[in-house]
2 protein chains.
Amino acid sequence: MVRIGIMGYGNLARGVESAIGRNSDMTLKAVFTRRNPETVSIATEGVPVLKSEEAVNYKDEIDVMILCGGSANDLGEQTPYFAQYFNVVDSFDTHAKILQHYDETQRAAEDNGNLAAISCGWDPGLFSINRIYAESALPGGTTYTFWGKGLSQGHSDAIRRIEGVADARQYTIPVEEALDRIRAGETPELTTREKHTRECYVVAEEGADTEAIRNAIVNMPNYFDEYDTTVHFISQEELDRNHRSTAHGGFVLHSGATAPEYSNVIEYSLKLDSNPYFTGSVLVAAARAVYRMRNEGRTGCITMADIAPSYLIETDSRSLLETMI
Amino acid sequence: MVRIGIMGYGNLARGVESAIGRNSDMTLKAVFTRRNPETVSIATEGVPVLKSEEAVNYKDEIDVMILCGGSANDLGEQTPYFAQYFNVVDSFDTHAKILQHYDETQRAAEDNGNLAAISCGWDPGLFSINRIYAESALPGGTTYTFWGKGLSQGHSDAIRRIEGVADARQYTIPVEEALDRIRAGETPELTTREKHTRECYVVAEEGADTEAIRNAIVNMPNYFDEYDTTVHFISQEELDRNHRSTAHGGFVLHSGATAPEYSNVIEYSLKLDSNPYFTGSVLVAAARAVYRMRNEGRTGCITMADIAPSYLIETDSRSLLETMI
């Protein structure tokens, strides 16, 4: 049994916890939180919830610590810190900072003989390795990544900061026409606008100027100005009733030639009812790989690109040869 | 530079040769053939074509030998044999015999300190690892594999053995309705007939009984009797003109839950203008991984499930972190 610790208990951690129950070689040893542990109730019976400061005392009882904090505020510090004491897995997803995060985690893990897998999940994660497999099979090809339909937390937060907005949800939607062109073998240079549209559901405060809000949204630099954006004003009740879903998904397409006369298209897609639960499930598979690779002597920092697929799956190697290869 | 040898020079080898030219860290050292080398003309200038018996003399000049024979008659013997002398890559695709092929190759490679990657390509190969990734991310889910639209060599051969048939091509076609049900989140138990249809283009010999041929095809056990099969009689000229394509492709879909209320669908698909050229390109990526892993001390037999994605791609690890993770 691989003994798992969970650091931080939000939606992602709930996904990890659920996934542990779906993998018969995994067991949850403890959940750690920065909140008062008595206020945190978890789904698994008989597993302690403890203060995050206590984690280091459980060093010898936990094979892999899954870090369930956010990339914006938590993981940049947490991952290198806990990699001093544990084998760790995180879902660090700020693409522009992954190299720095890698270097900091590599040093901490390597110096202490631990193994850390960073940026696991689906993007980065399964999408990353699909970009790599596709470019390996069709070198010099063109890769496209599309996200959605799904809620963007960052864009929803940006709308909520506008004056007069009580609440908001923003969906990122891939442009079907662009997908179809690539599927047909074209390799268009697509602008931001041609790849995704943005759909916003906004609750205005009483008496707020909705036209001003709409303008503030659609013209917001970086977040919305380069997109075709639709804004719907709805009631808080409707938002709570119809826009609680954490469904998400996306596409990685790669188009490339194997000879001047032969073009090829590789497509990978995900359709997820719950983004955090799926990400959590991938983190658990990554934790299995970390456990196995550490047992083989590997230390330092890795990503899913450094993990052979057979390390991720519970099925043993000979059964794989008989049933899945 | 990774120095590649090619054993056997048919369509797959031409694909390998073309792929070597598309990877700047790969170079072709020699092509070996069972035919008279003087009758074999290859695309790359300045590379020798030699008798297959001479290969062992090139042991120290070739880093990885890519075996381009067929699974039915060649690779079962060739791969264990050449794994005694070389690091090798093959595309062995008789699923039912992969375990045996693995054991025989493992022994030969291990005893001689070589590394062999078997069953590389797309199925087995990229499809295998997608089945593994999907089941790792969504354990206990349901996996479906569909092939086509594409030519089936085995089924075409079976038709050509029928009395009165001068020539034939058989296409395997996935049933779009079945794909759509799985994409929508259903996990149906599909019969053979519900997954694929078979379309046959047949040239009858002069005076042959076409109705008898049609009956012999559609009722042929294992090959056709469990499928909805369409038979078209055409002229040799039309067959030669319109049915020379080696286009192929297929789909791996996996449907699974992360909680009772959350279902998810993962889809991977390939659309290939040339089956042998794409397979050849994957073999070259696998050869790179074999070269790198052997340099790290790995010996014995592996499949693509044992290869971390980063070993397959020419791009170095730090650039991957910056651009593709």
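This text gives an overview of the structure that appears in the document. (Residues numbered from 1 in each chain as written. Chains lettered and ligands numbered in written order. Predicted model: local features only at pLDDT ≥ 70, side-chain atom pairs only at ≥ 80, totals over all residues. Heavy atoms only, no water.)

## Brief notes about the overall build of chain A
To keep it simple, the criterion reads: Secondary structure elements follow DSSP: runs of H or I no shorter than four residues count as helices, runs of E no shorter than two count as strands, and numbering proceeds from the N terminus. Classification of residues uses two cut-offs on accessible area relative to the type maximum, computed with a 1.4 Å probe and protein chains only: under 20% is buried, over 50% is exposed, and between them is partly exposed. Between two residues, a contact is recorded if the distance between any of their heavy atoms is within 4.5 Å. Note on areas: Shrake-Rupley with a 1.4 Å probe; residue coverage comes only from the protein chains shown. Positive charges are assigned to Lys and Arg, negative charges to Asp and Glu, while His and the chain termini are left out of the count. In plain terms, the charge of a residue is placed at NZ if it is Lys, CZ if Arg, CG if Asp and CD if Glu.
In terms of regular secondary structure, chain A is built from 11 helices and 14 strands. Each principal axis of the C-alpha distribution contributes one length, and for chain A these read about 60 × 60 × 35 Å. A burial count over chain A gives 57% of its 325 residues as buried. Counted over contacts in chain A with a minimum sequence separation of 6, partners at least 24 positions apart contribute 67%. Here chain A has roughly 13500 Å² of accessible surface; of this, 43% comes from carbon and sulfur atoms. Averaging the positions of the 29 positive and the 47 negative side-chain charges in chain A gives two centres separated by 3 Å.

## Side note on the pattern of salt bridges
Where charged atoms from two side chains of opposite charge come close, those side chains can pair. Our working definition: Salt bridge criterion: a side-chain nitrogen from Lys or Arg within 4 Å of a carboxyl oxygen from Asp or Glu.
A complete count under the given rule lists 30 salt bridges over all chains for this structure. Where B:Glu314 meets B:Arg288, a salt bridge forms, and the shortest distance between an N and an O atom there is 3.9 Å. In this pair, B:Glu314 is assigned in the loop between strand E14 (300-302) and helix H11 (317-323) and B:Arg288 in helix H10 (residues 275-295), connecting sequence segments 26 residues apart. Here B:Glu314 falls in the partly exposed class, since its relative accessible area comes to 32%. Residues joined in a network through salt bridges with shared partners are A:Asp157, A:Arg160, A:Asp167 and A:Arg169.

## Digging into the interface of chain B and chain A
By a frequent convention, interface size equals the accessible area lost on bringing the separate parts together. To keep things clear, this is the line we draw: Put simply, buried area is the surface a 1.4 Å probe can reach on two separate parts but cannot reach once they are joined, added for both.
Contacts between chain B and chain A engage 64 residues on the former and 64 residues on the latter. A buried area of about 5700 Å², summed over both sides, lies between chain B and chain A, and 60% of it is on carbon and sulfur atoms. When the buried surface of chain B facing chain A is broken down by residue, B:Tyr133, B:Leu321 and B:Ile325 rank first, second and third, together holding 13% of it. On the surface where chain B and chain A come into contact, there are 2 salt bridges. A salt bridge links A:Arg318 to B:Asp103; its shortest N-O distance comes to 2.8 Å.

## Overview of the relation of the copies chain B and chain A
Let me state the cut-off plainly: Copies are brought into register by a least-squares superposition over C-alpha atoms of residues with pLDDT of at least 70 in both.
Once chain B has been moved 0.0 Å along the axis and rotated by 180 degrees, it coincides with chain A to within an RMSD of 0.0 Å. Interpreted geometrically, this transformation is the action of a two-fold axis. Proximity to the rotation axis, assessed at the C-alpha, singles out B:Ala308 in chain B; its C-alpha lies 1.9 Å from the axis. Comparing interface residues between copies, 100% of those in chain B also lie at the interface in chain A; the contact surface is shared.

## Description of helix H5 (residues 153-160) of chain B
All names here are of chain B. Here is the rule: It is the directions from the helix axis to the C-beta atoms whose arc is reported.
Along H5, the residues that are buried comprise His155, Ser156, Ala158 and Ile159. Axial view of H5: buried residues confined to an arc of 160 degrees, hence all on one face. Each element contacted by the buried residues of H5 is listed here: strand E8 (150-151), strand E9 (165-174), strand E10 (196-204) and helix H8 (210-218).

## As for the packing of aromatic side chains
Residue and element names in this part refer to chain A. Where we set the bar: When two rings of Phe, Tyr or Trp (its six-membered ring) have centres within 6.5 Å they constitute a pair, described as stacked for plane angles under 30 degrees, edge-to-face for angles over 60, and tilted for the intermediate range. In this analysis the charged atom, NZ for Lys or CZ for Arg, is taken to sit over a ring once it is within 6 Å of the ring centre and within 35 degrees of the ring normal.
In this structure the tally under the stated criterion is 17 aromatic pairs over all chains. Measuring from centroid to centroid gives 5.3 Å for Trp122 and Phe127, while their planes differ by 80 degrees, and the two rings are edge-to-face. Grouping aromatic residues by their ring pairs yields a cluster made of Tyr81, Phe82, Tyr85 and Phe86. Between the NZ or CZ atom of Arg198 and the centre of the ring of Tyr227, over which it lies, the distance is 4.1 Å.

## Topic: the sheet that holds strand E3 (residues 49-51) of chain B
Residue and element names in this part refer to chain B. Short version of the rule: Only strands that DSSP links by at least two bridges are regarded as paired with each other. For every element, the axis is a line fit to its C-alpha atoms; helices are fit only across the contacting stretch, and the angle between N-to-C directions ranges from 0 to 180 degrees.
The 7 strands lie next to each other as E3-E2-E1-E4-E5-E6-E14, forming an open sheet whose pairing is parallel. In the strand order of this sheet, the two ends are held by E3 and E14, each with one partner. Taking each pair of neighbouring strands and ignoring which way they run, the sheet shows an average axis angle of 25 degrees. As paired strands, strand E1 (residues 2-7) and strand E2 (residues 26-33) are joined by 6 bridges and run parallel to one another. Looking at the pairing, Gly5 lines up with Ala30 of E2. Running over the sheet, helix H1 (residues 11-20) touches E1, E2 and strand E4 (64-67) and is turned about 165 degrees from E1.

## Some words on the side chain of A:Thr229
Residues and elements named next belong to chain A. By the element assignment, Thr229 lies in strand E11 (residues 228-233). A relative accessible area of 18% places Thr229 in the buried class. Setting aside its immediate chain neighbours within four residues, Thr229 contacts Arg198, Cys200, Ile217, Val218 and Phe224.

## Comments concerning the sheet that holds E11(A)
Residues and elements named next belong to chain A. Strand order across the open sheet formed by 4 strands is E8-E9-E10-E11, with mixed pairing between neighbours. Across the chains shown, the open sheet's two edge strands, defined by having one partner strand only, are strand E8 (150-151) and E11. Set on the sheet, helix H5 (residues 153-160) makes contact with E8, strand E9 (165-174) and strand E10 (196-204); between it and E9 the angle comes to about 145 degrees. Against the sheet, helix H8 (residues 210-218) engages E9, E10 and E11, with an angle of about 150 degrees to E11.

## Quick word on unusual backbone geometry
The linkage connecting A:Asp123 with the following residue, A:Pro124, adopts the cis geometry, with an omega of 5 degrees. With an omega dihedral of -5 degrees, the bond running from B:Gly148 to B:Lys149 counts as a cis peptide bond. Here B:Lys149 is to be found in the loop between strand E7 (142-147) and E8. In this structure, A:Asn222 is a non-glycine residue whose phi angle is positive, near 65 degrees. Considering the arrangement of structural elements, one finds A:Asn222 in the loop between H8 and E11.

## Topic: the nonpolar core
Where we set the bar: The criterion is simple. A nonpolar core is a set of buried Ala, Val, Leu, Ile, Met, Phe, Trp, Tyr and Cys residues joined through side-chain atoms within 4.5 Å.
Residues A:Val89, A:Leu126, A:Phe278, B:Val89, B:Leu126 and B:Phe278 are the most contacted members of the largest nonpolar core, which totals 162 residues. In this structure, A:Leu126 is in contact with A:Gly121, A:Tyr268, A:Phe278, A:Val282, A:Met304, B:Tyr133 and B:Ala137, ignoring residues within four places of it in sequence.

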